[in-house]
Amino acid sequence: MMKTKIALLLLSLTFLISCTKQYEEAIFFDFVHVLSMEDDTILMNQSVLIGDGNIVRIGNRGNFRAPSNAVIVFDELYMMPGLGEMHAHIPPESQGVERMLDALTLYLSQGITTIRGMLGQPAHLELREKAAIGEIFSPRILTSGPSFNANSVSDPEQARQMVRDQFEAGYDLLKFHPGLTLEQFEAITDEANCLGIEFSGHISLEVGLVNSLNAGKGSIDHLDRYLEFLADTGPDRVDPPIIFFGYDLTDKVDLTLIDEAVRLTKEAGVWNVPTNTLLENIFNPNLTTDEMKQWPGMEFIPGSTIVLWSNFVNNLRNSEDYDPEKALRFLALRSQLTYALHRGGAGLLLGADAPQIFNPPGFSIHRELELLVEAGLTPFEALKTGTVNVAEYLGESKRSGKVKRGFKADLVLLDSNPLESIPFHNEIAGVVRDGKWHDREDLERRLEEIRNR
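Below is a short write-up of the structure. (Residues numbered from 1 in each chain as written. Predicted model: local features only at pLDDT ≥ 70, side-chain atom pairs only at ≥ 80, totals over all residues. Heavy atoms only, no water.)

## A closer look at helix H4 (residues 156-169)
And then number 1: Relative to the 20 Å expected for 14 residues at 1.5 Å per residue, H4 spans 20 Å between its end C-alpha atoms, a close match to the ideal helical length.
And then number 2: Turning to H4, its buried residues are Ala159, Met162, Val163 and Gln166. Buried residues of H4, viewed axially, fall in a sector of 100 degrees; they line one side.
And then number 3: Contacts from the buried residues of H4 go to strand E8 (173-176) and helix H5 (182-195). (Helix = DSSP H or I, 4+ residues; strand = E, 2+ residues; numbered from the N terminus. Expected span 1.5 Å × (residues − 1). Buried < 20%, exposed > 50% of the residue type's maximum accessible area, 1.4 Å probe, protein only. Arc of directions from axis to C-beta. Contact = heavy atoms within 4.5 Å.)

Here it is in structure tokens:
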């Protein structure tokens, strides 16, 4: 009995020492309710210790103490992993450093701790490195290089060299826009697969959905060319403007082919980033430009940009190609396809294509979550597209995307249960990025600086 008591005492002392280990930077959250993303259970009344950028310990309140140097956050908040915006844009360097940094601030202020920049340039590589060491206020940055398209690619050998150049420059992926021939596409993807660099984005008309899936694409963005597949269009099709994404085929699709499209996508292991909010903003006749101007986050968009967006939407809706009822059917079809991909096990990634038409950086991702729920996903399933699924896509399932011991401390803290409050842009109490805590006051101060500009 005495030996047992001594052993228990030593165990208790060891536990106490391990829980009071000193870290260079530590945050102790007391009285938080945790959505770990392991499942849709909320772990109530927890304490969470962050140390040197990692989640060190999670447990019931009172079970362990904070290190003496820890920043203590005592508030009844909900904690979940930070979100990923998988079709983001960073403004070009030509718009100035301030504009680039402001966009990064907007993303992070809205709980987005990782972005995948989908039209990169050398300046974005520099921002990526500064973000990685905490030199700037920013999500983690992944970035493509300049896009592969009809204007940038002239022939297969030049295309291969362009792949090699972007690989050597250190870009994370290649970005496709339309206009590539099948021969050019095959040269690009062959070189990319040999080097081990991913390629994502649009699909060229001549390439089509099946060839893209067979090539091992990382993600298809905007549900590009799915409607061409469903309508079984031939080689004589005239490619409509880039933003249409099959709108003109709305009433020509064979809905019985959706299951086949889903099967092919799942078997290929290709992700989809639907960006449904972008298409809703453009095509939905029930959303006026005056209404969209009042959306959260629009106060951070320059007035000249808002004018351009408004003119684009109004001109499209006043064109002879636009029909309001057809537009609603088109959007319903996209929603149906989004849910079918999810239901069939073809993975979805969260992305809003910000900052594009009425999609302010950060804020628009909450609307994208809302549209995923409207499409049929549960709130938990919608949140997975920006957390667990992002980690799986990045090959980081054992390191990110969950609130779990040993995982990266990229987190968002909310005033309300995220499973019950999508969109929750008004509920953000703070974010943790790479183990650093930014409370509501800090976030609002940074937003106010942008608002004043």
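## Some remarks on the packing of helix H9 (residues 276-283) against helix H13 (residues 363-375)
And then number 1: Between H9 and H13, whose axes approach to 8 Å, the crossing angle comes to 90 degrees. Considering the angle they form, H9 stands roughly perpendicular to H13. Where H9 approaches H13, its residues Asn276, Thr277, Glu280 and Asn281 are matched on the opposing element by Ser364, Arg367, Glu368 and Leu371.
And then number 2: Residues that form the contact of H9 with H13 fall into these classes: one nonpolar, four polar and three charged. (Axes fitted to C-alpha atoms, helices over the stretch in contact; angles between N-to-C directions. Parallel < 35°, antiparallel > 145°, perpendicular 65-115°, else oblique. Nonpolar A, V, L, I, M, F, W, Y, C, P; charged D, E, K, R; others polar.)

## Here's the deal with the environment of serine 397
And then number 1: Note on placement: serine 397 falls in the loop between helix H15 (388-393) and strand E12 (411-414).
And then number 2: As a C-alpha pair, serine 397 and phenylalanine 407 span 10 residues in sequence and 9.3 Å in three-dimensional space.
And then number 3: Residues contacting serine 397, with those up to four places away along its chain left out, are Ala391, Glu392 and Phe407.

## Quick notes on H5
And then number 1: For H5, which comprises 14 residues, the first-to-last C-alpha distance of 20 Å matches the rise-based estimate of 20 Å (1.5 Å per residue) to within 8%.
And then number 2: Lining the buried residues of H5 we find H4, E8, strand E9 (198-201) and helix H6 (208-215).

## What about the pairing of strand E7 (residues 140-143)?
Side-chain positions along a regular strand alternate between the two faces of the sheet.
And then number 1: Here E7 shows two buried faces, one formed by Arg140 and Leu142 and the other by Ile141 and Thr143.
And then number 2: Relative to E7, strand E6 (residues 112-117) is paired through four bridges, and the arrangement is parallel. Bridge pairing in E7 places glycine 117 opposite threonine 143.
And then number 3: One crossover worth recording links E6 to the parallel E7 by way of helix H3 (residues 122-132), and it is right-handed. (Pairing = 2+ DSSP bridges. Right-handed = clockwise from strand over helix to strand, strands pointing away.)

## Some points on the environment of asparagine 281
And then number 1: The topology assignment puts asparagine 281 in helix H9.
And then number 2: Sequence separation between asparagine 281 and aspartate 102 is 179 residues, and the spatial gap between their C-alpha atoms is 23 Å.
And then number 3: Beyond its immediate stretch of four places on either side in the chain, asparagine 281 contacts Leu287, Met292, Trp295, Val313, Arg317, Ile357, Phe358, Asn359 and Arg367.

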